[in-house]
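Here is what each chain is made of, one letter per residue.
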Amino acid sequence: MSSRGSEVNINNEITQMHGSQPHQHLESTVMLPFHRSFPVLLKRSLLNFSRQPTLMVSRLMQIVNFGVILSLYFWQIPKNQVGVYNMMNVLWEANALVFVGMLNCAATFPIERDVFYRERTDGRYSSLAFFLSYSALELTFGFICSMAFGVVVTFTVGLTHSIQAICLLSTAVFFVVSFGESVGMMYCAVFRQVGFALSLISVNLGLMHITAGFLTVSLKAWVDAILNINPLRFSSRVMVDAELADQTFSCQEPVFSSCVSNGKEVKDFYGFNYSLTKSMLILIGLCAGYRILAFLALSYFPKLQGDLHAEWKPSEITIDDKPQASHQHHAITTTT
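Residues numbered from 1 in each chain as written. Predicted model: local features only at pLDDT ≥ 70, side-chain atom pairs only at ≥ 80, totals over all residues. Heavy atoms only, no water.

## Overview of the nonpolar core
Part 1: Counting 74 residues, the largest nonpolar core has Leu-97, Phe-149 and Phe-179 as its most contacted members.
Part 2: Here the element with the most residues in this core is helix H7 (residues 163-190); it accounts for 16 residues.
Part 3: For Leu-97, the contacting residues outside a window of four places in its chain are Ile-63, Phe-66, Phe-149, Val-173, Val-176 and Val-177. (Core = buried A, V, L, I, M, F, W, Y, C linked by side-chain atoms within 4.5 Å. Buried < 20%, exposed > 50% of the residue type's maximum accessible area, 1.4 Å probe, protein only. Helix = DSSP H or I, 4+ residues; strand = E, 2+ residues; numbered from the N terminus. Contact = heavy atoms within 4.5 Å.)

## Observations regarding the packing of helix H10 (residues 231-244) against helix H11 (residues 263-270)
Part 1: Following both chains from N to C, one finds H10 and H11 inclined at 155 degrees, their axes separated by 9 Å at the closest point. Between H10 and H11, the crossing angle belongs to the class labelled roughly antiparallel. Crossing handedness for the pair H10 and H11: right-handed. Only Gly-263, Lys-264, Val-266 and Lys-267 of H11 make contact with H10, whose side of the interface consists of Val-240, Asp-241 and Leu-244. (Axes fitted to C-alpha atoms, helices over the stretch in contact; angles between N-to-C directions. Parallel < 35°, antiparallel > 145°, perpendicular 65-115°, else oblique. Left-handed = near helix turned anticlockwise from the far one by under 90°.)

## Overview of unusual backbone geometry
Part 1: Here the phi dihedral of Gln-76 falls at roughly 45 degrees; this positive angle occurs in a residue that is not glycine.
Part 2: In this structure Gln-76 comes out as partly exposed when scored by relative accessible area, which is 40%.

## A closer look at the confidence of the model for the protein chain
Part 1: Model confidence for the protein chain is summarised by a mean pLDDT of 78, while 79% of its residues fall at 70 or above.
Part 2: Low pLDDT, under 50, characterises residues 1-8; the stretch is placed with 16 contacts to residues that sit more than four places away or in other chains.
Part 3: Every residue in residues 14-28 is under pLDDT 50, and counting partners more than four places away or in other chains gives 38 contacts. (pLDDT = per-residue confidence, 0-100.)

## Some details on the environment of Cys-259
Part 1: Summarising the element assignment, Cys-259 is placed in the loop between H10 and H11.
Part 2: Judged by its relative accessible area of 31%, Cys-259 is partly exposed.

## Observations regarding the packing of helix H6 (residues 127-158) against H7
Part 1: Two elements in contact, H6 and H7, have axes whose closest approach is 8 Å; the angle formed by their N-to-C orientations is 140 degrees. As the angle between them shows, H6 and H7 are arranged oblique. Regarding H6 and H7, the two cross each other, and that crossing is right-handed.
Part 2: A breakdown of the residues in the contact of H6 with H7 according to their chemical character gives 14 nonpolar, seven polar and two charged. (Nonpolar A, V, L, I, M, F, W, Y, C, P; charged D, E, K, R; others polar.)

## Focus: empty space enclosed by the protein
Part 1: With the rule as written, the count across this model stands at one cavity of 30 Å³ or more.
Part 2: In terms of lining, the largest cavity is formed by Arg-59, Ile-63, Asn-104, Glu-138, Phe-141, Gly-142, Cys-145, Val-177 and Glu-181.
Part 3: Those elements giving two or more residues to the lining of the largest cavity turn out to be helix H3 (53-73), H6 and H7.
Part 4: In terms of residue count, H6 provides more of the lining of the largest cavity than any other element does, four residues in total.
Part 5: Partitioning the lining of the largest cavity into residue classes produces four nonpolar, two polar and three charged. (1 Å grid on protein atoms, 1.4 Å probe; cavity = no way out; pocket = protein on both sides within 12 Å on 5 of 7 lines; lining within 4 Å. Points joined across faces, edges and corners; volume = space filled by probe spheres on them.)

## A look at H7
Part 1: Here H7 contains 28 residues, and its C-alpha end-to-end distance of 41 Å stays within 8% of the 40 Å for a straight helix at 1.5 Å per residue.
Part 2: By the criterion of burial, H7 is predominantly enclosed, with 24 of the 28 residues buried. (Expected span 1.5 Å × (residues − 1).)

In structure tokens, the structure reads:
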């Protein structure tokens, strides 16, 4: 379904580039330039996405539904000492959306990956064209859903009601989801078996979630230095700084060893005294780095996928003004 329509579009693009001489055989190394292959691949991704309503609902609703679940547990947090503890729990749980990014990747990327490896072996388009077309669709939906999550959680849980705080929370959530998808793409590109890849991803992301800064406040220096590769540490700092900037809390029911009356004291207690701008820049840089690693894994690790991809035989593309039925059949069967 997905490869047949794209096969026709890509073949038409090659025909326009090289003319329509009868029975002209093109080498398997013929590759469409980026500016012509990217729109075709993006259109195919949108078409495949629209033909799978369950997948569409899953991508659109998982992040928002998680916000609804948080609101059921933490509805209108009071501004007291217990509320401090609950608010920090909400911000920590927002980092759990990294697993939603992983699940979104597992639902769509392996199928797209298999089609891509087959068509790249035939020399249809570059790795960059496929990677950017997939990322463009994924990042767009991720950003829209993250903004919706920020709005839902802010007004139901009772976080800071300001445009700046909502935007910072939504941006941090967007990068958390994008990071989970990048790690999923990277592992699914290296390992053909999706179940094995998900097992490794779950362990790694679980460790990163635990060391985001809420449970592990104090660590040894060398461990703390290694964990600077964890984007969830910096997304936590962004969210905490955004939500606690102007907060005040009552001290009628002490929970901690000492009463904390404002956002600055909470950040001192949890060890979140960091620059917001610096944390945001590091978060962006780390997420971009993991996305680049996913692209490199997709481009240079096809032989680890097994014989299906490593030994896939390139086929010739036959272009004819009046193609025979057998030629059409051959073009379809070599890519499905």
